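Listed below are the residues making up each chain.
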There are 2 protein chains.
Amino acid sequence: MKNEVKYKRSRQRERILALLRSTDLHPTAGWIYDQLKGEFKGLSLSTVYRNLSILLGQGLIARLEYGGTFGRFDGNVSPHYHFICEQCDAVLDLPLPVDLSLNKKVDAATGCQTKFYRLEFYGICDQCQG
Amino acid sequence: MKNEVKYKRSRQRERILALLRSTDLHPTAGWIYDQLKGEFKGLSLSTVYRNLSILLGQGLIARLEYGGTFGRFDGNVSPHYHFICEQCDAVLDLPLPVDLSLNKKVDAATGCQTKFYRLEFYGICDQCQG
DNA sequence: TATAATATTGATAATCGTTCCGATTACCAA
DNA sequence: TTGGTAATCGGAACGATTATCAATATTATA
């Protein structure tokens, strides 16, 4: 079961991680590709997906799933909640404190062993009201 | 903006809804298709998807999205939380009381207008420990 | 520095869940 | 009945993602 993979440096992967850490847009793979294809002549979309996959496995980024047909990525892996605007599809980080006691409540009530939880709010964002 | 659609009865749609209400497995479209294709000779997978879509629009069922590549459906539309087992992929309903004050907290902190929220716990379920 | 070993790349094909389409059928009101 | 219009089936089409593979880039070692 030894599944050790030794990664070599990759300029593409380093830029993808830096880009994700520099924005709070929670972008899609396609957006990342569009941003970097000027910088890396001949960049392939599969390279973006491959490296997102590696970064996910390393726990350096997170993947969000919201109803839509595509995934979004987050360079902020510290626990926090999200708000999803149903009108403009923006994903916002919420400044709420994260309640860590919930895991224990679930475990006590069910016998399950909770590792983490996701909390997402849906509605209309600040910008879209008016 | 008048988008009134008059639906005719459909035995397939009625069975899909009844099936979803009779189980807490949170099944996929494929599972529903497998269950009903014996009952409806020549049932089409697209019929299952179309009717799931209509039922969603009517608010009679809910669609869940969890990391995987496919959606799951829930015949229980009253607010409740879910636990997702990372080992067996089961989705369990949680017997926790739903906190309705969270919406207001978010709205107060952000200026957003929250309609609802989703709370999902991830870990190892009762069955899979041992 | 030179070289061997191997991870990474870009291009493309393949996959998967889902939606769309056209021809036909079923339902319902008049 | 009959006309109007959803609903159906089956398959093609779709979009996001993953797999394949020869060429290239990176690293470890000599």
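Residues numbered from 1 in each chain as written. Chains lettered and ligands numbered in written order. Predicted model: local features only at pLDDT ≥ 70, side-chain atom pairs only at ≥ 80, totals over all residues. Heavy atoms only, no water.

Q: Kindly report on the sheet that holds strand β3 (residues 81-85) of chain A, identifying the contributing residues and their values.
A: Strand order in the open sheet formed by six strands is β4(A)-β3(A)-β5(A)-β5(B)-β3(B)-β4(B), and the pairing between neighbours is mixed. Both edges of this open sheet fall to β4 (91-94) of chain A together with β4 (91-94) of chain B, since each of them pairs with a single strand only. Across the sheet, the axes of successive neighbouring strands diverge by a mean angle of 30°, strand direction being ignored. In the sheet, β3 of chain A pairs with strand β5 (residues 113-124) of chain A via four bridges, with the strands oriented parallel. Bridge pairing in β5 of chain A places F83 of chain A opposite F121 of chain A. The strands touched by helix α4 (residues 101-110) of chain A within the sheet are β5 of chain A together with β3 (81-85), β4 and β5 (113-124) of chain B, with β5 of chain A carrying the most contacts at an inclination of about 115°. (Pairing = 2+ DSSP bridges. Helix = DSSP H or I, 4+ residues; strand = E, 2+ residues; numbered from the N terminus. Axes fitted to C-alpha atoms, helices over the stretch in contact; angles between N-to-C directions. Contact = heavy atoms within 4.5 Å.)

Q: How would you sum up the interface of chain B and chain A? Please name residues and give values.
A: With 30 residues of chain B in contact, the opposing surface of chain A contributes 30 residues. Counting the surface lost from both chain B and chain A, the interface buries some 2700 Å², and carbon and sulfur atoms represent 64% of this. Here chain B is connected to chain A by two salt bridges. For K115 of chain A, the salt bridge identified is with E86 of chain B, shortest N-O distance 3.2 Å. At the surface where chain B touches chain A, the tally comes to 12 residue pairs in polar contact (both at pLDDT 80 or more). Contributing elements (two or more residues each) for the side of chain B that touches chain A: β4, α4 (101-110) and β5 of chain B. Ranked by residues supplied to the side of chain B that touches chain A, first place goes to β5 of chain B with 12 residues. Considered class by class, the residues forming the side of chain B that touches chain A number 16 nonpolar, eight polar and six charged. (Buried area = accessible area lost by both parts, 1.4 Å probe. Salt bridge = Lys/Arg side-chain N within 4 Å of Asp/Glu carboxyl O. Polar contact = N/O pair within 3.5 Å; in protein donor to acceptor, adjacent residues only side chain to side chain. Nonpolar A, V, L, I, M, F, W, Y, C, P; charged D, E, K, R; others polar.)

Q: Lay out α4 of chain A with the relevant residues and their values.
A: Looking at α4 of chain A, one finds that the buried residues are L102, N103 and V106 of chain A. An end-on view of α4 of chain A places all buried positions within 105° of arc, on one side of the element. Opposite the buried face of α4 of chain A, by more than 90 degrees, sit the exposed residues K104 and A108 of chain A. Contacts made by the buried residues of α4 of chain A are with β5 of chain A together with β3, β4 and β5 of chain B. (Buried < 20%, exposed > 50% of the residue type's maximum accessible area, 1.4 Å probe, protein only. Arc of directions from axis to C-beta.)

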